[in-house]
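Spelled out from the first residue to the last, the chains are:
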Amino acid sequence: MTLSTVSTTPLPRRLLPFLKWLPRVDAATLKADALAGLIGAIVVLPQGVAFATLAGLPPEYGLYCAMVPTVVAALFGSSLHTVAGPTNPVSLMVFAVLSPLATPMTPHYIELALTLALMSGIIMLAMGFLRFGSLVNFMSSSVVVGFTAALGVFIFASQLGNFLGIASAPAGFAGLLLATLRRLGDAQPWVIAVATATIAIGAVSRRVLPRVPPMLVAMVLGSLMALLLNQVLGAEQTGLRTLGPLPGALPPLSFPDVSAATLQNLLPGAVAVALVSLTQALSIAHAIALKSGQRLDNNQEFIAQGLANVAAAFFSGFPTSASANRCGINYDAGAKTPMSAIFSALLLVLVLLAVAPLVAYLPIAVVAGLLFLVAWNLIDFRRIRKILATSRGEGAVLAVTFFATLLLDLEFAILVGVLVSLVLYLNRTSHPILRSLVPDPRHTGRKMTEVEDGLLECPQLKILRIEGSIYFGAVGHVERHLDTLREHSPGQKHLLLMSKSINFVDMAGAELLVEEARRRRAGGGQLYFYSLRKPAEELLERGGYMAELGRENVFRGKREAIGGVFTRLDLSICVTCRARIFEECASVPGPGDRE
């Protein structure tokens with residue numbers, strides 16, 4: 001099992017995590033990591049260009065994100081196989097946060113992207129140093145599935161203009177669709193043909209050439225098709241525009257805007273980007289670790305991703321995270337240590353030196369086709385069907401997150417999903433299950449079962465199991481149930497709580513139990529416990545509640561509890577009772593016995 005662990009290693013190794021895996025590096029691991037790194041460098045080439053375009057940035061920024069930030073994340077992370085860099089959800093988050101503030105591709109927009117990377121990185125670092133690694137557990141899988149599915153739909157909408165050859169201004173989901181639909185008459189047939197061919201090539205190559213990255217095949221063949229059309233018909237006739245040349249293979253130094261006004265405007269977006277980035281990074285890291293059997297430190301992963309984003313801010317990047325495709329390919333390619341990610345970054349520079357001039361001829365229609373492929377892969381139809389079929393509550397969380405992502409500002413949508421998940425969780429925990437029990441006559445050893453047709457209860461004693469926690473949120477639900485028991489079964493003056501399933505009790509819960517004990521005593525009965533968990537018992541002791549409940553009313557097991565309570569029952573009622581469900585009942589003459 002993959003566990004998130006708190007490191008007990010010496011301080012130098014905690015500050016410099018690569019000291020832990022560096023001794024593993026030898027000639028054999030270097031060879032395996034270099035091969036995996038080369039594959040990763042080739043895979044990230046089309047991805048980096050596509051994701052930078054999706055983020056509203058020049059294509060080279062996506063490639064720069066796969067250099068210095070990738071190396072930093074590899075050196076400071078706890079995972080042996082995670083590869084950081086540009087990713088589709090985070091890229092779209094960048095676009096959603098920044099497009100209302102500046103025009104994409106402009107110097108001001110780029111400066112804001114650098115600032116967003118810096119701020120989100122600092123937030124991740126703070127969460128890591130404060131050991132908030134468990135916070136991502138509050139983002140349920142239904143939130144993630146709904147959010148990423150909506151991102152896929154949003155990508156379709158944002159790239160529809162480029163797919164059709166129609167220039168469209170940045171807008172929300174509805175605005176993008178309406179603006180595109182109004183200009184459908186301006187669609188360019190040859191642009192549509194190239195974009196469609198790119199999608200088809202990518203889909204087919206995934207099956208025909210499973211060992212070759214489909215995005216790479218689609219990018220190369222789609223670009224050749226566009227080049228041929230431009231040669232035969234002319235660029236003016238086809239409408240096929242290209243990205244233009246990359247300025248260089250190495251990332252130049254960059255400086256974010258840290259003015260107070262900019263920081264204030266970007267803070268909500270930076271929080272949302274940090275949450276999305278961390279959730280994506282940890283879910284991918286744990287998925288890979290389940291295969292490799294590695295133990296991870298969530299807090300160290302927070303720190304690694306935070307440092308990677310800070311590095312992106314000063315080396316011409318934008319917010320990054322762990323890439324699902326690259327991490328999976330890295331592991332499958334036989335990577336042994338994080339040196340594979342470092343090799344990937346270094347070899348990407350060499351690859352760029354060789355192919356950078358060719359990127360100038362990459363058609364925008366091909367990039368749109370590549371992003372359509374990315375968008376389709378983001379929608380996990382199998383998981384969506386499973387969630388909808390399994391749980392109505394989780395289905396509601398998925399639906400709310402999905403529509404919030406499309407209709408609200410993207411940086412708030414993920415928070416809405418988390419909030420709905422928490423509300424659903426609180427609703428569950430505030431309604432603990434309460435089951436009335438009786439000894440099962442079909443089994444020996446005092447095995448308990450729920451009351452059902454044909455099974456009699458003791459007329460003086462109610463046995464109740466509470467499954468959950470008795471805390472301030474659940475007090476009302478438990479109190480109403482106890483009131484109902486007293487009202488409908490006034491003869492059952494004694495109440496025995498099977499307490500093994502009570503996870504914890506807070507002060508409000510303790511006060512409820514004390515009040516119930518008082519009411520039972522006032523009615524001539526008593527409240528008893530058996531198998532009370534130690535944390536609950538300790539709280540009752542510390543708060544002085546045990547004195548009111550009575551230590552003599554707390555039993556360790558069923559036999560001791562039923563035997564102890566039986567001695568306090570009214571024997572005159574026992575003599576006339578026909579239920580006879582306890583072993584102790586045999587010691588009392590019954591209504592059918594004769595002198």
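In what follows, the structure referred to is the one given above.
Reading guide: rules and limits
- Residues numbered from 1 in each chain as written.
- Predicted model: local features only at pLDDT ≥ 70, side-chain atom pairs only at ≥ 80, totals over all residues.
- Heavy atoms only, no water.
- Salt bridge = Lys/Arg side-chain N within 4 Å of Asp/Glu carboxyl O.
- Buried < 20%, exposed > 50% of the residue type's maximum accessible area, 1.4 Å probe, protein only.
- Helix = DSSP H or I, 4+ residues; strand = E, 2+ residues; numbered from the N terminus.
- Expected span 1.5 Å × (residues − 1).
- Arc of directions from axis to C-beta.

Attention now goes to the pattern of salt bridges. Under the counting rule described, the total for this entry stands at 17 salt bridges. One salt bridge connects Asp186 with Arg183, and the closest N-O pair in it is separated by 3.2 Å. Among the residues examined, Asp186 registers a relative accessible area of 41% and is labelled partly exposed. According to the relative accessible area criterion, Arg183 is partly exposed, its value standing at 36%. A salt bridge links Glu467 to Arg435; its shortest N-O distance comes to 2.8 Å. Residue Glu467 is located in strand β5 (residues 461-470), and its partner Arg435 is located in strand β3 (residues 433-439); the two are separated by 32 residues in the primary sequence. Residue Glu467 is classed as partly exposed on the basis of its relative accessible area of 23%. By relative accessible area, which is 22% here, Arg435 ends up partly exposed. Three or more residues joined by partner-sharing salt bridges are found here, namely Asp483, Arg486, Glu515, Glu516, Arg518, Arg519, Arg520 and Glu548.

A word on helix α21 (residues 475-488). Over its 14 residues, α21 runs 20 Å from end to end, which matches the ideal 20 Å to within 8%, given 1.5 Å per residue. Those residues of α21 that fall on the buried side of the exposure criterion are Val475, Val478, Leu482 and Leu485. Along the axis of α21, the buried residues cluster in a sector spanning 95°; they form a single face. Along α21, the residues that are exposed and aim more than 90 degrees away from the buried face are Arg480, Glu487 and His488.

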